[in-house]
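Coordinates in review
Here's the letter readout for the chains.
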Amino acid sequence: VTRITVPKTYKLYIGGAFPRSESGRTYQVADSKGNFVANAALASRKDGRDAVTSARKGHASWANATPYNRGQVIYRIAEMLEGRREDFSAALIRTTGISKAGAEEEIDAAIDRLVHYAGWTDKLAAVFGGANPVSGPYFSYSAPEPTGVVAAIAPADTPLLGLVAAIAPIICSGNSVVLVADKDTPNIAILFAETLATSDLPNGVVNILTGRAAEIMPYLASHADVNALDLSAASPELRTSMTEAASGTVKRVYSPRGEPNLRAAPGTARIRAFMEIKTIWHPVGAVSLAARGSY
Amino acid sequence: MELHYAPAPENAATGRLATRYQMFVDGKFIDGQGEDIVSINPATGEQLATVSAASSTDIDTAVEAARRAYSNVWSKMPGSERGKYLFRIARGIAERARELAVLETLDNGKPIRETRDFDVPTAAQHFFYYAGWADKLHHAGFGPRPAALGVAAQVIPWNFPLLMAAWKIAPALAAGNTVVIKPAETTPLSILVLAEIIADAGLPAGVVNILPGAGDVGSALVNHPGVDKVAFTGSTAVGKKIQRSLAGTSKKLTLELGGKGANIVFADAAQDQAIEGIVNGIFFNQGQVCCAGSRLLIQESIADEFLERLKARTSSLRVGDPLDKNTDVGAINSAAQLAKINELCAAGTSEGAAQWTSPASLPERGFFAAPTIFTEATSSMRISREEIFGPVLSTITFRTPEEAIAKANNTPYGLSAGVWTEKGSRAMGVAAGLKAGVVWDNTFNKFDPAAAFGGYGESGFGREGGPSGLAAYLETDDEGVLQ
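By convention here, each chain's residues receive numbers from 1 onward along its written sequence. Written order determines the labels here, with chains lettered from A and ligands numbered from 1. Predicted model: local features are reported for residues with pLDDT of at least 70 only, side-chain atom pairs are reported and counted for 80 or more only, and whole-chain, interface and lining totals are derived from all residues. Processing note: side-chain calculations cover all non-hydrogen atoms of the structure and skip hydrogens and water entirely.

**Quick look at the overall build of chain B**
Stated precisely, the cut-off is as follows: Segments assigned H or I by DSSP are reported as helices when at least four residues long, segments assigned E as strands when at least two residues long, and all are numbered from the N terminus. Buried, partly exposed and exposed residues are distinguished by accessible area as a fraction of the type maximum, computed with a 1.4 Å probe on protein chains only: under 20%, between the cut-offs, and over 50%, respectively. We call two residues in contact whenever any of their non-hydrogen atoms come within 4.5 Å of each other. Per-residue and other accessible areas were derived by the Shrake-Rupley procedure at a 1.4 Å probe size, with only the shown protein chains allowed to occlude residues. In this tally Asp and Glu are treated as negative and Lys and Arg as positive; neither His nor the chain ends contributes. For charged residues, the charge sits on one atom: NZ in Lys, CZ in Arg, CG in Asp, CD in Glu.
Across its full length, chain B holds 15 helices and 21 strands. The buried share of chain B, reckoned over its 483 residues, is 63%. For chain B, restricting intrachain contacts to residue pairs at least 6 apart in sequence, the fraction spanning at least 24 positions comes to 75%. Of the roughly 16,800 Å² of accessible surface on chain B, a fraction of 52% belongs to carbon and sulfur atoms. Across chain B, the centroid of the 43 positively charged side chains sits 4 Å from that of the 52 negatively charged ones.

Printed below as a string of C-alpha cells:
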C-alpha cells in the first residue's frame, strides 16, 4: 500500500502568525502542467487591514533594533534559506516547471541577495547621510531613517528571487512590509514566510498576503497608515491607478522605468526609495558662549 | 518711563520698482498672452506693478525653449562651465542684494530685516553652494555617471519668493537640467529681477524661463508633456493633485508641502532661549512658513509660568511697516491669506480654545494680523491640526517625553519640530522619535544650503539642500532593466 502523504495548508503570513483569510476564501494553485498543487488563501481587504496593523507594530520594534542586529537577522534569513534549499528546489520545479539547475541558480541568487542587504544595514547612515558644513554656530547632520510601512507587489518571474529582491531592500533600513505575493506561486511565498518565521525576524516586519494584487493593493494604496508603495512589479495600468490612490496621502511610490532585471546586481535605488532623510540641528556651545548666537 | 522707537524706514526707492514687468522666455523679456497680474503691496493694499502673465501658448514656447537649450547647449556643456554661470548668478544676487531685499519686502510684506538678513543672502548662498556641485556630481553618491533629467517644471510659493526660486533653480541647473519656473501670483517681482541677473550673467537663452501666472498656469506647466521633472512647493492640497495628475507619466516628482511643526519645551529647558526660539518659530515671516513651529507643546509643570513669559515677550513684538528696520512682524501676504488666518482663529475660539492676542497696534491699512496664542487647545481642534500659515500659535501640554513625541507625531504632516531641553540625551532621543524631516534641538528655523530640508508624510517627498537636494534633479534609478 502506498503511503498517503500529508499535504500542507497554505495560509497567510500576518504578524508572525499564519492565519486563514478572514473571508474564508481560497483559490487553487496549479503546477506548470495545470495539475492541482494546493489551495491558497485568497486574501481580502480586511486581511490587508490586519496586515497593516501588524506591519505598524513590526516597524516600531524593527526600526528600534540596532543596525547590527538587523544585519544579523537578515543574514539569518539567508542561513535559513540555505538550510531549506531542497524544499525550495522541489517547490520551484513543481510549480514553475523550471529545471533543477535553474532552481538551484535562483536559490543561490536569493541567498546571495539576502547576504548583500544584510551588509547594508549598518552602512546606510554613513553612505546617505553625514555632517552638514553649515555656515553658522551649529552642529547639523542628516541621516536616513526608514519611511515606515511599505506595501509591495511581488515580481511574478523568478518567484523566490523576486520575493527576496522586493523584501530585503525594504526591510534593511528598518521598514516593515505588506507584500502581495504573485498569484500563481503563493506556495513559494508561504514557504518563504516559514523561513522568515524561523529567522529571529520580529513579528510583523514582513507580512505576506496571497491572492489578487488588483483586489488588495487599491486598499493598501489608499490606507493612511501605509507610507510607501513598491510598484516596480506592477503592470502599467496598476502603477497608474495605485499612484493616483497614493496621492491622497502623499505616499512615496517606487515605480522605476521598465521592468526590473532582478538577476542584475542591485543598485541602491530600492533602498533609497523607502528612506527619509532627517536633518538635526544643535547649537555649538562654545561659539554660542562667545555671543555669536544665543540659542 | 516709556520708550518709543523712532521710525527707521528703508528707502523704498532702493527697490527700483518698475511699473510693469515682463516674462523671461528664451533669454528675452517678452509680453505673455495671459491677462496681466496686478501685484499688490500687502502693507498698503495699493498696486505696486503690473506683470505680464503666461498663456498656454507661452508655456509651449517656454518648454520648447528649455528643451532646445537642454539639447543644444546645456547638456553638452562641461559641469565646470555650468558651475561658473551659477557662481556668476550668486555674485549678481549679492551685488544687487539691497535692491532685491527692498523689492521683496514691498511685494511680499515681510520685514526688511528678514529679506535683508535672510532671504536674499541665503538665496545667493544657495546658488554659490550648488555652483560647486556642477562638476562634482559623480561624487554626490548617486553612482559614477549621474545624468540630468531634461526640462524641469517648477512651481514656487509666495512666502519666500526669491529664496524658493534659488532653492529650485540652483540644484536643477547644477545637475544639468533646464528650467521653466512659475512664481506665485502675488509675488512675481523679485524672480523677474533675478531674471535680469541671469541675463546679465550671460546664461544661454532658454536655460531658465520664468512664467508669471496664477494656479492655472502652474497646473498646465506641470502637466505639459514636454517636461521631464516636476518640483512643487506649496500647499498639501495642490501637491496631492499634482501627484495624482502625474500618475502614469515618467515625470520625476518632488513635493515640498505644508506642515504643523511641534515645538516641545521640557521643564528643564533654558526658558529665555526657548521663548526666543518659539517666538522665532511662529512669528518669523508672520508665521507664513511651512516649517513654522505652530504647535507649542509645554511640559505641564512649567506651563503657566512659561506661557506668561511667552505672552510678555510676544507683546513686545513690533507689528507694522515692513520697510521699517525695527519691525518684527510685517504684513500678511494677501487679503485672502489674512481672511484664512482670521477664519481659523475664529474656529479656535468656537471650538473652545482660549485666544490671547498681542496688544500691538496694527496699521490702519494693509493686511496685518497681531501675534496670537491659543491656550487650552486640544489635539483635535482645527487650530491644532490645520496649517494656519499665520502668526498663530496653539498650545498643548504634556507630562512625559513619550506623550510629547506621540502628540508631536499626531499629524499627517512631518516637516519640522523643535526640542528644548538642557539634557543632551533627551534632546537626541526625542529628535530620533519625531517623524519630521528637520528637527531643531535648542534652536529653530535654521537653514543652510548644505543641510537637507524636506518632510515626512503629507509634508511631501524629496529633499532640498545638501547632496540630497541634487537627487531631485538627477536620474538616480540604478536598477537593471529587462529589455
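**A few points about the pairing of strand E7 (residues 206–209) of chain A**
All names here are of chain A. Filter applied, for reference: A pair of strands is considered paired only if DSSP assigns at least 2 bridges between the two. A crossover gets the label right-handed when its path from the first strand over the helix to the second runs clockwise, viewed with the strands pointing away from the viewer.
By the alternation rule, side chains of E7 split into Val206 and Ile208 and Asn207 and Leu209, which are all buried. Strand direction decides the pairing type here: strand E6 (residues 176–180) and E7, joined by four bridges, are parallel. Bridge assignment links Val178 to a residue of E7, and that residue is Asn207. Regarding the hand of the β-α-β motif, the stretch spanning E6, helix H7 (residues 186–197) and E7 is right-handed.

**Remarks on the interface of chain A and chain B**
Rule in force here: Two parts placed together each lose some accessible area; with a 1.4 Å probe, that loss summed over both constitutes the buried area. For salt bridges, the criterion is a side-chain nitrogen of Lys or Arg within 4 Å of an Asp or Glu carboxyl oxygen. Think of a polar contact as two N or O atoms within 3.5 Å of one another; within protein, one of them needs to be a possible hydrogen donor and the other a possible acceptor, and neighboring residues in sequence only count if both atoms come from side chains. Classification used: nonpolar for Ala, Val, Leu, Ile, Met, Phe, Trp, Tyr, Cys and Pro, charged for Asp, Glu, Lys and Arg, polar for all others including Gly.
Taken together, the contact pairs 47 residues of chain A with 53 residues of chain B. Taking both partners together, chain A and chain B bury about 4,000 Å²; carbon and sulfur atoms supply 51% of that area. Our count for the contact surface shared by chain A and chain B stands at four salt bridges. For Arg463(B), the salt bridge identified is with Glu276(A), shortest N-O distance 3.2 Å. Connecting chain A to chain B are 29 residue pairs in polar contact (both at pLDDT 80 or more). Elements represented by at least two residues in the side of chain A that touches chain B include exactly strand E4 (138–146), helix H9 (236–246), strand E9 (252–254), strand E10 (259–260), helix H10 (269–273) and strand E11 (275–283) of chain A. By residue number, the principal contributor to the side of chain A that touches chain B is E11(A), which donates eight residues. Its residues assigned to classes, the side of chain A that touches chain B shows 20 nonpolar, 17 polar and 10 charged. Pairing between E10(A) and strand E21 (residues 481–482) of chain B: two bridges, direction antiparallel.

**Considering the nonpolar core**
Our working definition: Put simply, buried Ala, Val, Leu, Ile, Met, Phe, Trp, Tyr and Cys residues joined by side-chain atoms within 4.5 Å make one nonpolar core.
Core analysis: the biggest nonpolar cluster contains 114 residues, and Phe127(B) and Leu194(B) have the highest contact counts within it. Setting aside anything within four residues of it in sequence, one finds Phe127(B) in contact with Leu86(B), Ile89(B), Ala90(B), Ile93(B), Ala166(B), Ile169(B), Ala170(B) and Leu194(B).

**Digging into the pairing of strand E18 (residues 438–441) of chain B**
Of the two faces of E18(B), the one carrying Val438(B) and Trp440(B) and the one carrying Val439(B) and Asp441(B) are both buried. Bridge analysis of E11(A) against E18(B) gives three bridges, and the strand direction is parallel. Directly across from Trp281(A), in E18(B), lies its bridge partner Trp440(B).

**Side note on the packing of aromatic side chains**
Residues and elements named next belong to chain B. Which entries qualify depends on this criterion: Any two of the Phe, Tyr and Trp rings considered here, Trp counted by its six-membered ring, make a pair once their centres fall within 6.5 Å; the pair's planes then place it as stacked at under 30 degrees, edge-to-face at over 60, or tilted in between. Should the NZ of a Lys or the CZ of an Arg lie within 6 Å of a ring centre and within 35 degrees of the ring normal, that charge is described as sitting over the ring.
Inspection of every chain in the model, using the stated rule, returns 19 aromatic pairs over all chains. With a centroid separation of 5.4 Å and an interplanar angle of 85°, the aromatic rings of Trp158 and Phe389 are classed as edge-to-face. With Trp158 in the loop between strand E7 (151–155) and helix H5 (161–174) and Phe389 in the loop between helix H12 (382–385) and strand E16 (392–398), this pair connects stretches of sequence that are 231 residues apart. Take Trp158 and Phe389: they sit in the same class, and that class is buried. Plain terms: the ring middles of Phe160 and Phe284 are 5.9 Å apart, the flat faces sit at 35° to each other, and that makes the pair tilted. With Phe160 in the loop between E7 and H5 and Phe284 in the loop between helix H9 (271–283) and strand E13 (295–299), this pair connects stretches of sequence that are 124 residues apart. The same class applies to Phe160 as to Phe284, namely buried. Positioned over the ring face of Tyr473 is Lys229, at 5.0 Å from the centre of the ring. Residue placement shows Arg426 over the ring face of Phe266; its charged tip is 5.1 Å from the ring centre.

**With respect to the sheet that holds strand E5 (residues 149–153) of chain A**
All names here are of chain A. The condition that has to hold: Every angle, taken between N-to-C directions, lies between 0 and 180 degrees, and every axis is a line fitted to C-alpha atoms, over only the stretch in contact when it is a helix.
Across the sheet, five strands lie side by side as E7-E6-E5-E8-E9; this open sheet has parallel pairing. Of all the strands in the sheet, the pair left with one neighbour each is E7 and E9. For this sheet, the mean angle separating the axes of adjacent strands, direction not counted, is 15°. Inspection of the sheet shows E5 paired to E6 by five bridges, in the parallel sense. Paired with Ala151 across the bridge in E6 is Val178.

**A look at the packing of helix H6 (residues 159–171) of chain A against H7(A)**
Residues and elements named next belong to chain A. Here is the rule we go by: The cut-offs work like this: below 35 degrees is roughly parallel, past 145 is roughly antiparallel, 65 to 115 is roughly perpendicular, and the gaps in between are oblique. Crossing handedness is defined as follows: a turn of the near helix away from the far one that is anticlockwise and smaller than a right angle gives a left-handed crossing, while the clockwise case is right-handed.
Where H6 contacts H7, the axes come no closer than 9 Å and their chain directions differ by 55°. With respect to their mutual orientation, H6 and H7 come out oblique. In the crossing of H6 with H7, the sense of the turn from one axis to the other is right-handed. Facing H6, whose interface residues are Pro159, Leu160, Leu163, Val164 and Ile167, H7 presents Ile188, Ala189 and Phe192. Across the contact of H6 with H7, the residue classes break down as eight nonpolar, no polar and no charged.

**Description of empty space enclosed by the protein**
Residues and elements named next belong to chain B. Rules: The way it works is a 1 Å grid over only the protein atoms, where trapped points that fit a 1.4 Å probe form a cavity and open points with protein on both sides within 12 Å along at least five of seven lines form a pocket, and then any residue with an atom within 4 Å of a point lines it. Grid points are joined across faces, edges and corners, and a volume is the space filled by probe spheres set on the points.
The final tally for this structure, using the stated rule, is seven cavities of 30 Å³ or more. Computed from the structure, the largest cavity encloses a volume of approximately 100 Å³. Together, 13 residues line the largest cavity, and Phe160, Met164, Trp167, Cys290 and Phe447 are the ones closest to its centre. At three residues, H5 tops the list of elements feeding residues into the lining of the largest cavity. Class assignment of the residues belonging to the lining of the largest cavity gives a composition of 10 nonpolar, two polar and one charged.

**Structural notes on unusual backbone geometry**
Here Thr158(A), not a glycine, exhibits a phi torsion of approximately 40°, which is positive. Secondary-structure assignment places Thr158(A) in the loop between E5 and H6. If you check the backbone angles, Asn285(B) has positive phi at about 55° while not being a glycine. Among the structural elements, Asn285(B) can be located in the loop between H9 and E13.

**Considering helix H3 (residues 85–96) of chain A**
Residues and elements named next belong to chain A. To keep it simple, the criterion reads: In this scheme, a helix's expected span is set at 1.5 Å multiplied by one less than its residue total.
Under the 1.5 Å per step criterion, the end-to-end length of H3 is 16 Å for 12 residues, consistent within 8% with the ideal 16 Å. Taken residue by residue, H3 has Arg85, Phe88, Ser89, Ala91, Leu92 and Thr95 as its buried positions. Packing partners of the buried residues in H3 comprise strand E1 (26–30), helix H2 (67–83), helix H4 (100–118), H6 and H7. Phi turns positive, to about 80°, at Gly97, one or two residues after H3.

All we've got here are geometric facts, nothing functional implied.
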